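Residue-level structure breakdown
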Amino acid sequence: MNNGRIPKISFRNAEKTFYSSSGESHTALTAGNLDVYKGEFLCLVGPSGCGKSTAINLMAGFEQPTGGSVLIDGEPVLEPHPDRIMIFQDYGLFPWKTALDNVMFGLRCRGIKEVDAKKTALAALESVNLTAEAKRHPHELSGGMKQRVALARALAVEPGVLFMDEPFAALDAFTRLRLQDELLDIRKKRQITVIFVTHDLDEAIYLGDRVVVMAANPGRFEDIITVDLPYPRDRTEQSFDHYRKKLFHAFNLVHNSERKHSNTQQVTASL
Amino acid sequence: MRDKIEKLLLPALALGAFILIWQYAASHYPPEQFPTPLGVVQAISELVQQGGLWKDISISMVRLCAAYLSAVLCAIPLGLFLGRCRPCLRAIDPVVQLLRPISPIAWFPLAVLWFGIGNTPAIFIIFMAAFFPILLSTVNAVRAIPDIYYKVSRNFGARPALVFLRILIPAAFPGIMNGLHIALGTAWIHLVAGEMLGADSGLGYLIINARNYLRTDLIMAGMFLVGLLGLLLNRLITAGERLINKQWGITTQEQ
């Protein structure tokens, strides 16, 4: 699917190592290459410690690589940018602002006049079915509603890229399924590029054009699985199961080799 | 129903018991040494009728406001700054920790030496009493602001002035409010002390002056008024704090 297409986001041997105050180093993401294409829905999946959050933070510009580079539209990412909005697991809403004011925040940052910002914000809230909740404060909203407000706040500034770091992980299963569908709807309408971090394999297959399999110790890109299924996808179908098996297989292999790896380490340690 | 009884009846009973014990204890002493509740009520009405009371109350209130507001104006900006500047906080922390445990009353000899007798030493002592609680709660409130707020602001390209006014201040506000609440209490306590030592008017002076005339009933009347006004001030600021917490979505445990 990437024949002749110019990547929107690229990892060029990008690597991230953290140094603790005692001087110990920890490699969160080993040097790797990855291309994300415009309008693509890319899921990053893996166990904790696989560097998936590090990878998304590098792309969003919240972190800088310690080696190699991360490019967006050919330019190295040095800072977060309003054209690329991050959605967090814990929403990042301002509790003293109403839902409407939260959505207006991004627009006001751009210096858009209050009247126009309000109009755009209300439209964004409508697109996530929250018109009735515009005047409510975050503490009066359910988790799913809060994440919708965060989504509306992002959509209001019409970003080209949406980074989502386990955005539905804190929600109950039913809300999660509903929001997945709403997200796919939004993506269809806006042709937005979405990078989606999750540890839920079904979620990754249901949403992603491609699923990046990541592994831990040290964190790395291990494999890429292209999900060749038309939207909307059916979780109960056999073809869906095919990808589920493929992904489970990928992770089982990763786990097995890891176990062997740590066994040998233990042996060496005991010698 | 039961809740209502507990809320009204029990405090009324306790208050009644308190007055009875007081009455009983006072009956063992001459009134100049230990006045009865009724004697104190009479002393209050005497103060009210004399007319000087309102002047004392209003001058105390003016001193409280002047000292408290200047403490707010100094401590909040300094606290916001120190909360954001870690090296500055580290540098100044030993000085603050050294000055903080010194009772504001201990400043009295210097205050009188520097400012003479009058408004200024009392105001200075109240200022010292209010300054540190506000400063420390502001610093802590700023440091407790979740990093995600700054991340979101950076992501949307918010300018520093906007982050300061629209994010930092409102995010720290409930914590600052808590400090303002505590500081008002300590300020009020030290108002009386300050006026007893270094002033010739106000509620504190009223008490110390009554002592000079051995008017125990007036001393107790003054104490009662100090308690009552302190209670009112506390109620006022609690209501304000609750309003803000409600707005911010902070649920406080109801008593």
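Up top is the structure.
None of these values were measured; they are calculated from a predicted model. In every chain, residue numbers begin from 1 and rise along the written sequence. Chain labels run from A onward and ligand labels from 1 onward, assigned in the order the entries are written. Only residues with pLDDT of 70 or above have their local features reported here, since the model is predicted, and side-chain atom pairs are shown and tallied only from 80 upward, although totals for entire chains, interfaces and linings are computed over all residues. By convention in this description, side-chain values take in all heavy atoms of the structure and omit both hydrogens and water.

Time to look at empty space enclosed by the protein. Here a cavity means grid points, on a 1 Å grid over the protein atoms only, where a 1.4 Å probe fits yet cannot get out; a pocket means an open set of points with protein on both sides within 12 Å along at least five of seven lines; lining residues are those with an atom within 4 Å of a point. Grid points are joined across faces, edges and corners, and a volume is the space filled by probe spheres set on the points. In the structure shown here, the tally under the stated rule is one cavity of 30 Å³ or more. Roughly 70 Å³ of internal volume is contained in the largest cavity. Lining the largest cavity are I85, M86, I87, F88, Y91, A150, R153 and A154 of chain A together with V152, N155 and F156 of chain B. Under the DSSP-based scheme used, a helix requires at least four consecutive residues in state H or I and a strand at least two consecutive residues in state E, with every element numbered from the N terminus. Of all the elements in the fold, those that place two or more residues in the lining of the largest cavity are strand 6 (84-87) and helix 4 (143-156) of chain A together with helix 7 (147-155) of chain B. Residues are grouped as follows: Ala, Val, Leu, Ile, Met, Phe, Trp, Tyr, Cys and Pro are nonpolar; Asp, Glu, Lys and Arg are charged; every other residue, Gly included, is polar. A class-by-class count of the residues in the lining of the largest cavity yields nine nonpolar, one polar and one charged.

Here the focus is the interface of chain B and chain A. By definition in these notes, contact holds between two residues if any of their heavy atoms fall within 4.5 Å. Contacts between the two partners involve 20 residues from chain B, matched on the other side by 26 residues from chain A. Here the quantity called buried area is the accessible surface, traced with a 1.4 Å probe, that two parts lose on coming together, added over both. Between chain B and chain A, roughly 2,100 Å² of surface is buried when both sides are summed, and carbon and sulfur atoms account for 67% of that area. It is R154, N155 and F156 of chain B in chain B that bury the most area against chain A; as a group they hold 35% of the surface buried on that side. Each salt bridge in this description consists of a side-chain nitrogen of Lys or Arg and a carboxyl oxygen of Asp or Glu lying within 4 Å of one another. Where chain B meets chain A, there are zero salt bridges. Distance and chemistry together define a polar contact, namely a pair of N or O atoms within 3.5 Å, with one atom able to donate a hydrogen and the other to accept it when in protein, and with adjacent residues in sequence counting only for side-chain atoms on both sides. Joining chain B to chain A, the criterion identifies four residue pairs in polar contact (both at pLDDT 80 or more). Among the elements of the structure, helix 7, helix 8 (160-198) and helix 10 (216-248) of chain B are those that each provide at least two residues to the side of chain B that touches chain A.

Residue and element names in this part refer to chain B. Axis definition: a line fit to C-alpha positions, over the contact stretch in the case of helices; interaxial angles, taken between N-to-C directions, run 0 to 180 degrees. Contact geometry of helix 6 (residues 119-143) with helix 8 gives a least axis separation of 7 Å together with a crossing angle of 160 degrees. Taken as axis vectors, helix 6 and helix 8 run roughly antiparallel relative to one another. In terms of crossing hand, the pair formed by helix 6 and helix 8 is right-handed. Along the lines of polarity and charge, the residues of the contact of helix 6 with helix 8 split into 18 nonpolar, eight polar and one charged. In what follows, roughly perpendicular refers to angles from 65 to 115 degrees, roughly parallel to angles under 35, roughly antiparallel to angles over 145, and oblique to any angle outside these ranges. Handedness of a helix crossing follows the sense of rotation of the near helix relative to the far helix, less than a right angle counterclockwise being left-handed and clockwise being right-handed.

On to helix 7 of chain B. Within helix 7 of chain B the residues assigned to the buried category are I148, Y149, Y150, V152, S153 and N155 of chain B. In the core, the buried residues of helix 7 of chain B are packed alongside strand 6, helix 2 (99-109) and helix 4 of chain A together with helix 3 (52-84), helix 6 and helix 8 of chain B. Phi turns positive one or two residues past the end of helix 7 of chain B, at G157 of chain B, with a value near 75 degrees. A 1.4 Å probe rolled over the protein chains alone gives each residue an accessible area, and that area as a share of the maximum for its type sets the label: buried under 20%, exposed over 50%, partly exposed in between.

Attention now goes to the state of the cysteines. Two cysteines whose sulfur atoms are joined by a covalent bond form what is called a disulfide. Residue and element names in this part refer to chain B. When two cysteine sulfur atoms lie within 2.5 Å, the pair is treated as a disulfide. Per the counting criterion, the structure on display carries one disulfide over all chains. The disulfide partner of C85 is C88, and the S-S distance across this bridge is 2.1 Å. Across the S-S bond linking C85 and C88, the dihedral sits near 60 degrees, which makes this disulfide right-handed. Of all cysteine sulfurs in the structure, the one in C74 sits closest to C65, which takes part in no disulfide; the separation is 16 Å.

The next point concerns unusual backbone geometry. Both trends apply: most residues other than glycine have a negative phi, and most peptide bonds are in trans. Residue and element names in this part refer to chain A. Look at the link from N217 to P218: it is a cis peptide, with omega at -10 degrees. Note that P218 resides in the loop between strand 9 (210-215) and strand 10 (220-226). Omega for the bond connecting Y231 with P232 falls within 30 degrees of zero, at -10 degrees, which places this linkage in the cis form. In the Ramachandran plot, E158 falls in the positive-phi region, its phi being about 50 degrees despite a non-glycine side chain. Inspection of the secondary structure assignment puts E158 in the loop between helix 4 and strand 7 (161-165). The exposure class of E158 is exposed, given its relative accessible area of 60%.

All right, on to the sheet that holds strand 4 (residues 67-72) of chain A then. Residue and element names in this part refer to chain A. Strand order in the open sheet made by the four strands is 2-1-4-5, with antiparallel pairing throughout. Only two strands of the sheet have a single neighbouring strand rather than two, namely strand 2 (25-37) and strand 5 (75-76). In the sheet, strand 4 pairs with strand 5 via two bridges, with the strands oriented antiparallel. The partner of L71 across the bridge, within strand 5, is P76. Relative to strand 1 (residues 7-19), helix 1 (residues 52-60) is tilted by about 120 degrees, and along the sheet it contacts strand 1, strand 2 and strand 4. Two strands are counted as paired when DSSP detects at least two bridges linking them.

The subject of this paragraph is the nonpolar core. We call a set of buried residues a nonpolar core when its members are Ala, Val, Leu, Ile, Met, Phe, Trp, Tyr or Cys and they connect through side-chain atoms within 4.5 Å of each other. Ranked by internal contacts, the top residues of the largest apolar core, which has 155 residues, are F11, L44, L162, F163 and I195 of chain A together with Y68 and I134 of chain B. In terms of residues, this core owes the most to one element, helix 8 of chain B, which gives 14 residues. Apart from the residues lying within four places of it in its own chain, the contact partners of L44 of chain A are L34, K52, A55, M59, I195, F196, V197, T198, V212 and M214 of chain A.

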